[in-house]
Amino acid sequence: MIQFHHVFMTYQNEYKALRDVSLEIDRGEFIMVTGPSGAGKSTLIRLVTREILPTKGQVIVFDQNVAKLKAVQLPYFRRKMGVVFQNFRLLYDRTVAENVALTLHILGTTGRTITREVNQALDRVGLTRKKNVKPWHLSGGEMQRVVLARAIVHDPPLLLADEPTGNLDFATGWEMMQLLKQVTETGTTVFCATHNLNFIQKMKKRTLFLDKGVIHGDRNKLHGN
Ligand SMILES: Nc1ncnc2c1ncn2[C@@H]1O[C@H](COP(=O)(O)OP(=O)(O)OP(=O)(O)O)[C@@H](O)[C@H]1O
Ligand SMILES: [Mg+2]
C-alpha cells in the first residue's frame, strides 16, 4: 500500500529531515513510528499525504508515485485517506455530527447517506450520545474521537495519525489507541506516529524507530520486504 524507495527529504534550510528511508507497508497493517522530537515522524506522514514531495527517492502510495500525481488527481488520491492530528481542528460552531459530516459534504455525498454514515462513524467511536452537542462541551478525549470519526466516516483504506494522543492523558490516549486498533480490524491500514514509548510497548504492533531522519529499527514486522 505504501512504499518508500531510498527517500531523502531536505527542507529549504538544508536540514536533512529524512535520509535514505526505504520501507514497505502492506494493506491492513497497523504500523507505528516513533523517535525523538525532530526525528522526522511528521515528515514521513506528510510525504504519504503528498503535502510535501521527497527531495530524492520515490514515495509510492496506492501504487502511484506521489511525485507524478497531477493537481486534478489529488482530491481523488486524498479521498482514500483519513487523517488525525494532535490539534483537533474542529469547527466549534457546529455540532459533533456536523463536524463529522463535513468530510462527506466535501466528497459530494448527500441526503440520508450522510446521516447513516455519520451515525455509523459516531457509533464506532462511542459518541452517539453526544452527536448534537458542540465541541466545547466535550473533553479532550471526546474531541479526539470526533476527529477520528471525521477521518473514518468515508471508510478510507488508509488512516494516518500524527501524535493522536499528544493532548491526552495516558488513560484517554490508550482508549484512542484501542479505537485505532479497531479501525485496522475493518481492513484499514493505520500509520500512527507517536513519541510515547509506553504506547509502543503496550500495543505490540510493528514499529519503526526513527532518529535524525534515519530508520534504526523495524520491530515486530510480520512480512519481509
Ligand atoms: N516546514 C519545514 N521547514 C523546515 N524544516 C522543517 C519543516 N518541517 C520540519 N522541519 C525539520 O525537519 C526535522 C523533522 O521534523 P518532523 O516534524 O518530521 O519531526 P517529528 O519527528 O515529527 O518531531 P515532533 O516529535 O516534534 O513532532 C526537524 O528538524 C524539523 O525542524
Ligand atoms: Mg511531528
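Note: the structure precedes this text.
Residues numbered from 1 in each chain as written. Chains lettered and ligands numbered in written order. Predicted model: local features only at pLDDT ≥ 70, side-chain atom pairs only at ≥ 80, totals over all residues. Heavy atoms only, no water.

What follows covers the overall build of the chain. In terms of helices and strands, the chain carries seven helices and 10 strands. For the chain, the spread of C-alpha atoms along the principal axes amounts to about 45 × 40 × 35 Å. Considering only contacts within the chain whose residues lie at least 6 apart along the sequence, 70% involve residues at least 24 apart. Surface exposure of the chain reaches about 11,300 Å², of which carbon and sulfur atoms provide 49%. Each charge class in the chain can be summarised by its mean position, and for the 31 positive and 20 negative side chains these summaries are 2 Å apart. (Helix = DSSP H or I, 4+ residues; strand = E, 2+ residues; numbered from the N terminus. Contact = heavy atoms within 4.5 Å. Areas by Shrake-Rupley, 256 points an atom, 1.4 Å probe, with all protein chains shown as cover. Lys, Arg positive; Asp, Glu negative; His and termini not counted. Charge placed at Lys NZ, Arg CZ, Asp CG, Glu CD.)

What follows covers the nonpolar core. One finds Val-100, Val-118, Leu-122, Leu-148, Leu-159 and Leu-180 to be the most contacted residues of the largest nonpolar core, which totals 38 residues. Of all elements in the fold, only strand 3 (30–34), helix 3 (96–107), helix 4 (111–124), helix 5 (140–152), strand 7 (158–162), helix 6 (170–185), strand 8 (189–193) and helix 7 (197–203) reach the threshold of two or more residues within this core. Per-element accounting of this core gives the leading share, seven residues, to helix 5. Split by domain, this core shows at least three residues from each of two domains, domain 1 (1–80 + 157–225) and domain 2 (89–155). Setting aside residues no more than four positions away along its own chain, Leu-159 makes contact with Gly-82, Val-83, Val-84, Leu-148, Ala-151, Ile-152, Leu-180, Val-183, Thr-188, Thr-189, Val-190 and Phe-191. With 31 residues, the next largest nonpolar core counts Met-1, Phe-4, Leu-18 and Ile-31 among its residues. (Core = buried A, V, L, I, M, F, W, Y, C linked by side-chain atoms within 4.5 Å. Buried < 20%, exposed > 50% of the residue type's maximum accessible area, 1.4 Å probe, protein only. Domains from an automatic or database assignment.)

What follows deals with the site of ligand 1. Residues in close proximity to ligand 1 total 13 residues, the closest being Ser-37, Gly-38, Lys-41, Ser-42 and Thr-43. Interatomic distance of 3.2 Å between a backbone N/O atom of Ala-39 and an oxygen atom of ligand 1. Between ligand 1 and Arg-46 there is a distance of 3.3 Å, counted from a nitrogen atom to a side-chain nitrogen or oxygen. Calculation on ligand 1 without its partners gives an accessible area of 630 Å², and the protein chains cover 65% of this total. When the residues that make up the shell around ligand 1 are grouped by side-chain class, the tally is five nonpolar, six polar and two charged. (Near = heavy atom within 4 Å. Polar contact = N/O pair within 3.5 Å; in protein donor to acceptor, adjacent residues only side chain to side chain. Nonpolar A, V, L, I, M, F, W, Y, C, P; charged D, E, K, R; others polar.)

A few words now on the sheet that holds strand 6 (residues 81–85). Think of a sheet as strands paired side by side through backbone hydrogen bonds, with each pair either parallel or antiparallel. Pairing within the open sheet is mixed, and its six strands lie in the order 6-7-8-3-9-10. For this open sheet the edge positions go to strand 6 and strand 10 (214–219), each flanked by a neighbour on one side alone. Neighbour-to-neighbour, the strand axes of the sheet open up by a mean angle of 15°, direction not taken into account. Bridge analysis of strand 3 against strand 8 gives four bridges, and the strand direction is parallel. Paired with Met-32 across the bridge in strand 8 is Cys-192. Its contacts with the sheet put helix 1 (residues 41–48) on strand 3, strand 6, strand 7, strand 8 and strand 9 (206–211), and the angle it makes with strand 7 is roughly 150°. The sheet contacts of helix 5 involve strand 6 and strand 7, and relative to strand 6 the element is tilted by about 165°. (Pairing = 2+ DSSP bridges. Axes fitted to C-alpha atoms, helices over the stretch in contact; angles between N-to-C directions.)

A few words now on empty space enclosed by the protein. A complete count under the given rule lists one cavity of 30 Å³ or more for this structure. Its boundaries defined by the atoms lining it, the largest cavity holds a volume of some 30 Å³. Residue lining of the largest cavity: Gly-141, Arg-145, Thr-172, Glu-175, Met-176 and Leu-179, and that is the complete set. Looking at the lining of the largest cavity, the elements with two or more residues in it are helix 5 and helix 6. Top contributing element to the lining of the largest cavity by residue count: helix 6, with four residues. (1 Å grid on protein atoms, 1.4 Å probe; cavity = no way out; pocket = protein on both sides within 12 Å on 5 of 7 lines; lining within 4 Å. Points joined across faces, edges and corners; volume = space filled by probe spheres on them.)

So, about the packing of aromatic side chains. According to the stated counting rule, one finds three aromatic pairs in the structure shown. Centroid distance Phe-170 to Phe-199: 4.9 Å. Interplanar angle 10°. Geometry classified as stacked. Taken together, the residues span a long stretch of sequence, with Phe-170 in helix 6 and Phe-199 in helix 7 at a distance of 29 residues. Relative to Phe-199, the ring of Trp-174 lies with its centre 6.1 Å away and its plane at 10°, an arrangement referred to as stacked. With Trp-174 in helix 6 and Phe-199 in helix 7, this residue pair connects regions lying 25 residues apart in the sequence. By relative accessible area, Phe-199 is classed as buried at 1%. The structure contains a cluster of three or more aromatic residues connected by ring pairs, namely Phe-170, Trp-174 and Phe-199. A cation sits over an aromatic face here: Lys-56 above Phe-8, 4.6 Å from the ring centre. The residue whose ring lies beneath Arg-89 is Phe-85, and the NZ or CZ to ring-centre distance is 4.2 Å. (Phe/Tyr/Trp six-rings, centres within 6.5 Å; stacked < 30°, edge-to-face > 60°. Lys NZ or Arg CZ within 6 Å of the ring centre and 35° of its normal.)

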